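# Fold and contact review
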Amino acid sequence: MKRFSRAWFSLAIGATLISLAQAAHTQTPRPLALMPLPSSLTLQGGEFEIPSDLTIALASTDSERLRNAVMRFQKRLADKLGHPLTSHIITASAGTIILDIASDGEAVQGPDENESYKLTVTASSIAIHAPTTVGAIHALETLFQLVQPVNGTYSIPQVNIDDSPRFPWRGLMIDCGRHFEPIAVLKRNIDAMGAVKLNVFHWHLTEDQGFRIESKLFPKLTGKGSDGLFYTQDEARELVRYARARGIRVVPEFEMPGHSTAWLYAYPELASGTTPTGIRREFGVSDTAIDPTREATYHFIEQFLREMTTIFPDEYVHIGGDETPAPDWKTKPRIQAFMRAHHLRDNAALQAYFNQRVLAILTSLHRRMMGWDEILTPQLPKDVVVQSWRGIASLDAGARQGYSGVLSAPYYLDGMKPAEVHYLADPIPADTQLTAAEQKLILGGEVAMWGEHLNQHTIDSRIWPRTAAIAERFWSPQNVRDIPDMYRRLEIVSVELESLGTQHLTSEDAGLRDILRAEDISALRVFASAFEPVSFSERYQQQHTDQLTPLTTFVDAIRPDPPIRFHLELATQTFLGHPGSNDSQTSAARDQLQSFFTSVAASIPTVELEAENAPRLQPLKMRIEQLRALTSIGQQAIASLSSGTAAPSGWKQQSLARIADAQKPSAMVRCLFLPQLTDLVNAVQ
């Protein structure tokens, strides 16, 4: 009976998800699943039937990078179709697929690289025209997304697409300083970046908790500052090549003068005074800082950066520059004397002096400096790029002063916000007060994936698929803002991303199996569907995490913004429109809500039993009791609304009190359906 009931739970929630998804599709019946949406797309009617024998013609440019991109496309296409494809890459002007590419592009890809393309699909052939190989790479990703099942087979709709990105800087930052991420993890995320047309991998390589890039000039940086977890120079060069093959730049970040405990533990002579006795395990802002008053500091930095330019060819180097309280700068007589001699009134002025010196080094190395908001001072030249973590106001302020900028504040994934919140945040919102010239200084945006609560097993579920939605914001026209359609396409693209190797979907089951130490997790999976993780700050406050905190608990297994959350939102809106109606959509929405509450409620007894022998489920005992009450409230609300009967006296107040109690912090997870449950309760007479 136990096995039967678990199977029933799994089937019930599966049916719920399917029916909710169908309802969402009914709301927005767009046929294509492209993400990001192209600038211009015209459907011609009809289909291109994919033959088993493809001739791919390179009409102009024939480069190794282009051929490799074509071969990756062929392999993925065969995997998608489920049968072998015979293909021939030839240098000619005619074929099944014709790529007319003007040039291979710049030797070192930069933000000015032309990424546009035109894609034409007719009944008999496919033509791609692009000024560069990067544009062709994007076109092949669009073509792959166009391949969809139709009447039991795969085909490609006949279309005309004329596409180019809205912003030249479309990035993803991964913090490898706080928790090291193996090269294989970074490669699969770079593959996913390419699939959604992101073009900058911002590699956060140094932190208080670890120095992650090998220096042969200064071997103690990794010898003492990395716990042995770092990237060799050969590995880093290979990753740069890997990214370039997919049209992605690699911008390294070396944090200075703050967030530098690992620097200073390895080389104490760089410290302003206080020297760390080890790598910092705690998270948060450190008091230690590099000494900006010694000439030896700049000699060290110049040698280090010169070495790094042999690994990272990109024009930009990120120096961090944020969160540097540096109390030693205020108290050390030697530093205070330096500040007086150079007419530097406070720490901010001393850091500006430091930034200018580092900028001069980078300029001599033919590199451009990039940093977080704190680097922005009137003394800095206008070719410095400012990355805004403080918000759109900070970004706009920089643009008004003539500085190029990249927006990150709304795209912090560790806030565990739903995709739609990130999706609607725009680097240049429709109501911007910037002039046309100032708007051109906004290069784009960058997703920020900070690493306090990540490891190689959980990172994918924190990045994907939400980052795909943000990628559309950076690429597509500003007026592309249809939330239901975004979620419809996101579910399809999410599965496509896993075919590239990401583990954002499978990692949840793996984590739940590890918690139970069992293969059968059907009940726990249903139970988990009612929850999502709290934000970084909430978790840090509840758990007081540090670098050594195990990331193997329930909160680590479940993923943010699972599809069920938005499906419940849609179903609630539809049902509350006419709760007593027998209209087919209203009835379907009612059934979907009822199925969800019933399935989750039915999972609770089994999860209670499992928790007795699963210590990592013990912190969820309060959530289990709350969920029992909340699912009952949901079922009662639906019954009252469907029949048009009033609730018993005091029921509404008691129910809202239960919901309020469930909103309080517990077990580092939150019930994802509380807004919808609140709406249902408030609608009851």
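What you see is a predicted model, and the numbers here were worked out from it, not measured in a lab. (Residues numbered from 1 in each chain as written. Predicted model: local features only at pLDDT ≥ 70, side-chain atom pairs only at ≥ 80, totals over all residues. Heavy atoms only, no water.)

Let us now look at the overall build of the protein chain. If you tally the helices and strands in the protein chain, you get 26 helices and 20 strands. Each principal axis of the C-alpha distribution contributes one length, and for the protein chain these read about 80 × 65 × 50 Å. Burial status across the protein chain gives 59% buried among its 685 residues. The contacts of the protein chain with a sequence gap of at least 6 include a subset with a gap of at least 24, amounting to 77%. For the protein chain, the accessible surface area stands at approximately 25,900 Å², while carbon and sulfur atoms represent 54% of it. (Helix = DSSP H or I, 4+ residues; strand = E, 2+ residues; numbered from the N terminus. Buried < 20%, exposed > 50% of the residue type's maximum accessible area, 1.4 Å probe, protein only. Contact = heavy atoms within 4.5 Å. Areas by Shrake-Rupley, 256 points an atom, 1.4 Å probe, with all protein chains shown as cover.)

Looking now at the pattern of salt bridges. According to the stated counting rule, one finds 39 salt bridges in the structure shown. A salt bridge links Arg 76 to Glu 141; the nearest nitrogen and oxygen atoms lie 3.0 Å apart. On the criterion of sequence distance, the pair formed by Arg 76 in helix H2 (residues 64-81) and Glu 141 in helix H3 (residues 133-146) is long-range, its members being 65 residues apart. Take Arg 76 and Glu 141: they sit in the same class, and that class is buried. We note a salt bridge from Arg 178 to Glu 452, for which the minimum N-O separation is 3.2 Å. A residue pair is termed long-range when its members are at least 10 positions apart, and Arg 178 in the loop between strand E9 (169-175) and helix H4 (183-195) and Glu 452 in the loop between strand E18 (442-449) and helix H15 (459-463) qualify at 274 residues. Across this residue pair, the class does not change: Arg 178 and Glu 452 are buried. Salt bridges sharing partners connect three or more residues here, namely Asp 175, Arg 178, Glu 207 and Glu 452. (Salt bridge = Lys/Arg side-chain N within 4 Å of Asp/Glu carboxyl O.)

The next point concerns the nonpolar core. Counting residues in hydrophobic clusters, the biggest one holds 141 residues, and the most contacted among them are Leu 99, Trp 203, Phe 254, Trp 263 and Phe 312. No other element matches the eight residues that helix H11 (residues 347-364) contributes to this core. Contact partners of Trp 263, with chain neighbours within four places excluded, come to Thr 206, Phe 211, Leu 221, Phe 254, Glu 255, Met 256, Leu 270, Ile 290, Phe 300 and Phe 304. Judged by nonpolar contacts, the second largest core, of 53 residues, contains Ala 528, Ile 564, Leu 593 and Val 681. (Core = buried A, V, L, I, M, F, W, Y, C linked by side-chain atoms within 4.5 Å.)

Take helix H8 (residues 295-309) next. Side chains three or four residues apart in an α-helix point the same way, a direct result of the helix having 3.6 residues per turn. Spanning 15 residues, H8 covers 21 Å between terminal C-alpha atoms, matching the ideal 21 Å at 1.5 Å per step. Three or more residues of H8 are buried, namely Thr 297, Tyr 298, Phe 300, Ile 301, Glu 302, Phe 304, Leu 305, Glu 307, Met 308 and Thr 309. Among the structural elements, strand E12 (210-211), helix H5 (220-223), helix H6 (233-244), helix H7 (261-266), strand E14 (316-318) and H11 are those in contact with the buried residues of H8. (Expected span 1.5 Å × (residues − 1).)

For the bond running from Met 256 to Pro 257, omega is 0 degrees, close enough to zero to count as cis. Residue placement: Pro 257 occurs in the loop between strand E13 (249-253) and H7. Note that the residue after Trp 464, namely Pro 465, is joined by a cis bond; omega there is 5 degrees. You can see Pro 465 is positioned in the loop between H15 and helix H16 (466-475). Its identity as a non-glycine residue notwithstanding, His 366 has a phi of 60 degrees, on the positive side. Positive phi values are uncommon outside glycine, yet Met 416 reaches one of about 55 degrees.

A word on the confidence of the model for the protein chain. Confidence along the protein chain averages 94 in pLDDT terms, with 95% of residues attaining 70 or more. Note that pLDDT drops below 50 for residues 1-30; the model gives that stretch 56 contacts with residues more than four away or on any other chain. (pLDDT = per-residue confidence, 0-100.)

This part takes up the packing of aromatic side chains. Overall, the coordinates contain 28 aromatic pairs when judged by the stated rule. Measuring from ring centre to ring centre gives 5.1 Å for Tyr 411 and Phe 474, while their planes differ by 90 degrees; the resulting arrangement is edge-to-face. Here Tyr 411 is found in the loop between strand E17 (404-407) and helix H13 (419-424), whereas its partner Phe 474 is found in helix H16, with 63 residues between them in sequence. Accessibility expressed as a relative area gives 0% for Phe 474, which makes it buried. When the centroid spacing of 4.3 Å and the interplanar angle of 25 degrees are considered together, the rings of Tyr 487 and Phe 566 count as stacked. Of this pair, Tyr 487 sits in helix H17 (residues 483-499) while Phe 566 sits in helix H22 (residues 563-577); the two residues are 79 residues apart in sequence, bridging distant segments of the chain. (Phe/Tyr/Trp six-rings, centres within 6.5 Å; stacked < 30°, edge-to-face > 60°.)

Burial analysis of E13 places five of its five residues in the buried class, which makes it a mostly covered element. As defined by bridge partners, strand E10 (residues 200-204) adjoins E13 across five bridges and the pair is classed as parallel. Bridging across to E13, His 204 finds its partner in Glu 253. (Pairing = 2+ DSSP bridges.)

Attention now goes to the side chain of His 318. Within the fold, His 318 resides in strand E14. On the basis of relative accessibility, which here comes to 0%, the residue His 318 falls in the buried class. Only 3.0 Å separates the side chain of His 318 from the backbone nitrogen of Gly 320, close enough to count as a polar contact. Only 2.9 Å separates the side chain of His 318 from the side chain of Gln 387, close enough to count as a polar contact. Setting aside its immediate chain neighbours within four residues, His 318 contacts His 202, Val 251, Pro 252, Glu 253, Phe 254, Met 370, Gly 371, Trp 372 and Gln 387. (Polar contact = N/O pair within 3.5 Å; in protein donor to acceptor, adjacent residues only side chain to side chain.)

Topologically, Thr 288 is positioned in the loop between H7 and H8. Looking at Thr 288, the relative accessible area reads 9%, which means it is buried. A distance of 2.9 Å separates the side chain of Thr 288 from the side chain of Ser 286, its partner in a polar contact. Once residues lying within four places of it in the same chain are set aside, the contact partners of Thr 288 are Pro 257, Gly 258, Ser 260, Thr 261, Leu 264, Thr 274 and Pro 276.

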